[in-house]
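Given next are the chains, with one letter for each unit.
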Amino acid sequence: MYGCGLRISEAVRLEVADIDSEQGVVRITAGKGGRDRRVSLPQPALEKLRLLWRGHRHPRWLFPNRDGSGPVAADVIASTFRAAAAAADIPRHVTSHTLRHR
């Protein structure tokens, strides 16, 4: 999310086919305003996504839910982010959307 400036709703719906590693971009489908767009995918982020995918090898979803029937729920990502912020002792209120503005 941070490396590409994605919203949670965009990140959870990412499909394996949305990653264009040759061009170094991610295709975001119907983001805010219903428009598709391409965003730059930094090489370190691509490498992390490859490792993640190799761990589950879901044929469609980059971030599948536990049973593989669909994408992970946005509230799962939000609660994971809150837990990470708390573990890092971040003193102010932050949300995953804060990453889009940094």
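It should be emphasised that the depicted structure is a prediction, and the values quoted were computed from it without experimental measurement. (Residues numbered from 1 in each chain as written. Predicted model: local features only at pLDDT ≥ 70, side-chain atom pairs only at ≥ 80, totals over all residues. Heavy atoms only, no water.)

1. What about the nonpolar core?
Phase 1 of the analysis: Counting residues in hydrophobic clusters, the biggest one holds 11 residues: Cys4, Leu6, Ala11, Leu14, Val26, Ile28, Val39, Leu41, Leu46, Leu49 and Leu62.
Phase 2 of the analysis: The set of elements that each furnish at least two residues to this core consists of strand S2 (25–28) and helix H2 (43–56).
Phase 3 of the analysis: When sequence neighbours within four positions are dropped, the list of residues in contact with Val39 reads Cys4, Leu6, Gly24, Val25, Val26 and Ile28. (Core = buried A, V, L, I, M, F, W, Y, C linked by side-chain atoms within 4.5 Å. Buried < 20%, exposed > 50% of the residue type's maximum accessible area, 1.4 Å probe, protein only. Helix = DSSP H or I, 4+ residues; strand = E, 2+ residues; numbered from the N terminus. Contact = heavy atoms within 4.5 Å.)

2. Quick look at H2
Phase 1 of the analysis: Between the first and last C-alpha of H2 there are 21 Å, a value that for 14 residues agrees with the 20 Å anticipated at 1.5 Å per step.
Phase 2 of the analysis: Looking one or two places after H2, you find Arg57, whose phi comes out positive at around 50°. (Expected span 1.5 Å × (residues − 1).)

3. Description of the sheet that holds strand S3 (residues 37–40)
Phase 1 of the analysis: Spatially, S1-S2-S3 is the arrangement adopted by the 3 strands of the open sheet, whose pairing is antiparallel. Of all the strands in the sheet, just strand S1 (19–20) and S3 have a single pairing partner and so form its edges.
Phase 2 of the analysis: Across 2 bridges, the pairing between S1 and S2 is antiparallel. Bridge pairing in S2 links Asp20 to Val25. (Pairing = 2+ DSSP bridges.)

4. Section: helix H3 (residues 74–87)
Phase 1 of the analysis: The end-to-end C-alpha distance of H3 is 20 Å, a good match for the 20 Å that 14 residues give at a rise of 1.5 Å each.
Phase 2 of the analysis: Once H3 ends, the next one or two residues include Asp89, with phi positive near 55°.

5. Things to note about the pattern of salt bridges
Phase 1 of the analysis: Evaluation of the coordinates by the stated rule reveals 4 salt bridges.
Phase 2 of the analysis: In this structure, the salt-bridge partner of Arg60 is Glu15, at a minimum N-O distance of 3.1 Å. With Arg60 in the loop between H2 and H3 and Glu15 in the loop between helix H1 (8–12) and S1, the pair connects residues that are 45 residues apart, well separated along the chain.
Phase 3 of the analysis: Residue classification places Glu15 among the partly exposed residues on the basis of a relative accessible area of 23%.
Phase 4 of the analysis: A salt bridge links Arg27 to Asp18, with the nearest nitrogen and oxygen atoms 2.6 Å apart.
Phase 5 of the analysis: Here the residues in one salt-bridge network are Arg7, Glu10 and Arg37, joined through shared partners. (Salt bridge = Lys/Arg side-chain N within 4 Å of Asp/Glu carboxyl O.)

Shape is all these values report; function is a separate question.
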